[in-house]
Amino acid sequence: MLPLTNRPRRLRSTDNMRRLVRETRLDSNQLICPVFVSEKLSGRSDVTSMPGVAQLSLNDLRDECLLIADLGIPAILLFGIPNQKDELASQAYVENGIVQEAVRAIKRAVPDLIVITDVCLCEYTSHGHCGVVAKDGEKFTVLNDASVELLMKTAVSHAAAGADIIAPSDMMDGRIGAIRSALDAAGYDQIPIMSYASKFCSAFYGPFRDAAESAPQFGDRRAYQMDPANALEALREVALDVEEGAELLIVKPGLPYLDILWRIKERFELPTAVYNVSGEYAMVKAAARSGWIEEKRAVLEMMTGFRRAGADMIITYWAKDLAVWLKDL
Ligand code: PBG
């Protein structure tokens, strides 16, 4: 007779037994749902490369947020698409910009829903880069400090509109410290910063750039986003952000960076989110549409993987579906 501990199968024998000994759990309180609001729309406009995701008008956004809150999802991540773009991204930080208006509308309609605003300039610049650009013929440089000035204004305008958490996704150097001081100086010292602390230069952002209309018109983002080959650099970037005042962290993308997620969670011990990005969404959707993969099972397995790798929160375009699926599990 073998000792009991050599018979792990006993612990997998029934559904209840499996549930009882499960190490990693998923629930809708861990989900953050990204939403896109467009100043140009009076209805919804489906994003072709992201089936199930749409750009929304202000009115539709309000209904969407009521639905999200009803499903038991605690937070959204808000992206805006302005009517006009220019070199200085001026619509990113005006008082009546689309994100500022949207935050006010959501806070009126669903006050408890946590509104996290993405702070970046790429949706607002005519060239689609995440900062101010100086061009010299074919060559271009993203001006770090000039960009940080505008990001500070953007963050303060979001907080003034009522945002609960500010999430800078631009990856300029020194932006977390600068935004922290700007928020404090404006009286928003209670508003935490959730930093896209380790954001890699990734092919998996493709569909998002359709959704946010933010594809760069020239060049790419390699100068400011990280090289996928560098894990230690990611840890250094996070350490800087934490020193500068980041209280929540994001690792992005998710699937190809589970090792980074694990190391960041272990080392910094802060609330950590993983961003299951648009390309990760689109590829499963495409395969599922062809009947090549079972969407629900695949998604639950991915989410479990994120949780196992240390994610406290998951930013995912499947948030609403998951909230429904998790009820029946
Ligand atoms: C930048 C930003 C991007 C995403 C979120 N914020 C795109 C980029 O860096 O080009 C991508 C998210 C996704 O792919 O789902 N503002």
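1. Examining the overall build of the protein chain
Part 1: Across its full length, the protein chain holds eleven helices and twelve strands.
Part 2: A globule of 329 residues ought to have a C-alpha radius of gyration of about 20 Å, and the protein chain, at 20 Å, matches this closely.
Part 3: Counting all 329 residues of the protein chain, 53% fall into the buried class.
Part 4: Residue pairs at least 24 apart in sequence account for 74% of intrachain contacts in the protein chain once pairs closer than 6 positions are excluded.
Part 5: For the protein chain, the accessible surface area stands at approximately 15100 Å², while carbon and sulfur atoms represent 50% of it.
Part 6: Between the mean site of the 37 positive side-chain charges and the mean site of the 45 negative ones, the protein chain shows a separation of 9 Å.

2. Here we look at helix α2 (residues 58–70)
Part 1: Its 13 residues place the ends of α2 19 Å apart at the C-alpha level, agreeing with the 18 Å of an ideal helix rising 1.5 Å per residue.
Part 2: Every buried residue of α2 is accounted for by Asp60, Leu61, Glu64, Cys65 and Ile68. One side of α2 holds all its buried residues, which, seen down the axis, span an arc of 140 degrees. Turned more than 90 degrees away from the buried face of α2, the exposed residues are Asn59, Asp63 and Asp70.

3. A short note on unusual backbone geometry
Part 1: The amide bond that connects lysine 252 to the next residue, proline 253, takes the cis arrangement and shows omega of -10 degrees.
Part 2: Considering the arrangement of structural elements, one finds proline 253 in the loop between β10 (248–252) and α8 (258–268).
Part 3: With a phi close to 55 degrees, alanine 89 is a non-glycine residue in the positive phi region.
Part 4: Within the fold, alanine 89 resides in the loop between β4 (75–81) and α3 (98–109).
Part 5: The exposure class of alanine 89 is buried, given its relative accessible area of 0%.
Part 6: One non-glycine residue, glutamate 213, lies in the positive phi region at around 50 degrees.
Part 7: Position of glutamate 213 among the secondary structure elements: in the loop between α6 (206–211) and α7 (231–244).
Part 8: Accessibility expressed as a relative area gives 27% for glutamate 213, which makes it partly exposed.

4. Observations regarding the site of the ligand
Part 1: If you check the shell around the ligand, you find 18 residues, and the closest are Arg209, Gln225, Lys252, Ser278 and Tyr317.
Part 2: Judged by its atoms lying within 2 Å of the grid points, the ligand is housed in the largest cavity.
Part 3: When its residues are assigned to classes, the shell around the ligand shows nine nonpolar, three polar and six charged.

5. Some words on the layout of surface pockets
Part 1: Its boundaries defined by the atoms lining it, the largest pocket holds a volume of some 660 Å³.
Part 2: The element best represented in the lining of the largest pocket is helix α1 (residues 15–21), accounting for four residues.
Part 3: Across the lining of the largest pocket, the residue classes tally to six nonpolar, two polar and eight charged.
Part 4: Looking at the lining of the second largest pocket element by element, the count peaks at four residues for strand β1 (residues 31–38).

6. A word on the pattern of salt bridges
Part 1: One pass over the structure, following the stated rule, counts 14 salt bridges.
Part 2: Among the ionic pairs, glutamate 64 bridges to arginine 44, the shortest N-O distance being 3.9 Å. In this pair, glutamate 64 sits in helix α2 while arginine 44 sits in strand β2 (residues 44–46), placing the two residues 20 residues apart along the sequence.
Part 3: The class of glutamate 64 is buried, set by a relative accessible area of 9%.

7. Examining the pairing of strand β8 (residues 165–168)
Part 1: Burial along β8 is two-sided: the face carrying Ile165 and Ala167 and the face carrying Ile166 and Pro168 are both buried.
Part 2: Here strand β5 (residues 114–119) runs beside β8; their pairing, made up of four bridges, is parallel. Counted as the bridge partner of aspartate 118 is alanine 167 from β8.

8. Quick look at the packing of helix α10 (residues 295–308) against helix α11 (residues 319–327)
Part 1: Running from amino to carboxyl end, α10 crosses α11 at an angle of 95 degrees, the nearest separation of the two axes being 11 Å. Taken together, the axes of α10 and α11 are roughly perpendicular relative to one another. The segment α10 lies against α11, with Glu295, Lys296, Val299, Leu300 and Met303 engaging Leu322, Trp325 and Leu326.
Part 2: Of the residues belonging to the contact of α10 with α11, the class tally is six nonpolar, no polar and two charged.

9. What to know about the side chain of glutamine 55
Part 1: Within the secondary structure layout, glutamine 55 lies in strand β3 (residues 54–56).
Part 2: If near-sequence neighbours (up to four positions away) are discounted, glutamine 55 is found in contact with Phe36, Ser38, Leu41, Gly43, Arg44, Ser45, Val47, Ile81, Asp210, Ala211 and Glu213.

How each quantity is defined
Residues numbered from 1 in each chain as written. Predicted model: local features only at pLDDT ≥ 70, side-chain atom pairs only at ≥ 80, totals over all residues. Heavy atoms only, no water. Helix = DSSP H or I, 4+ residues; strand = E, 2+ residues; numbered from the N terminus. Rg over C-alpha atoms; globule rule 2.2 N^0.38 Å. Buried < 20%, exposed > 50% of the residue type's maximum accessible area, 1.4 Å probe, protein only. Contact = heavy atoms within 4.5 Å. Areas by Shrake-Rupley, 256 points an atom, 1.4 Å probe, with all protein chains shown as cover. Lys, Arg positive; Asp, Glu negative; His and termini not counted. Charge placed at Lys NZ, Arg CZ, Asp CG, Glu CD. Expected span 1.5 Å × (residues − 1). Arc of directions from axis to C-beta. Near = heavy atom within 4 Å. 1 Å grid on protein atoms, 1.4 Å probe; cavity = no way out; pocket = protein on both sides within 12 Å on 5 of 7 lines; lining within 4 Å. Sits in = over half its atoms within 2 Å of the grid points. Nonpolar A, V, L, I, M, F, W, Y, C, P; charged D, E, K, R; others polar. Points joined across faces, edges and corners; volume = space filled by probe spheres on them. Salt bridge = Lys/Arg side-chain N within 4 Å of Asp/Glu carboxyl O. Pairing = 2+ DSSP bridges. Axes fitted to C-alpha atoms, helices over the stretch in contact; angles between N-to-C directions. Parallel < 35°, antiparallel > 145°, perpendicular 65-115°, else oblique.

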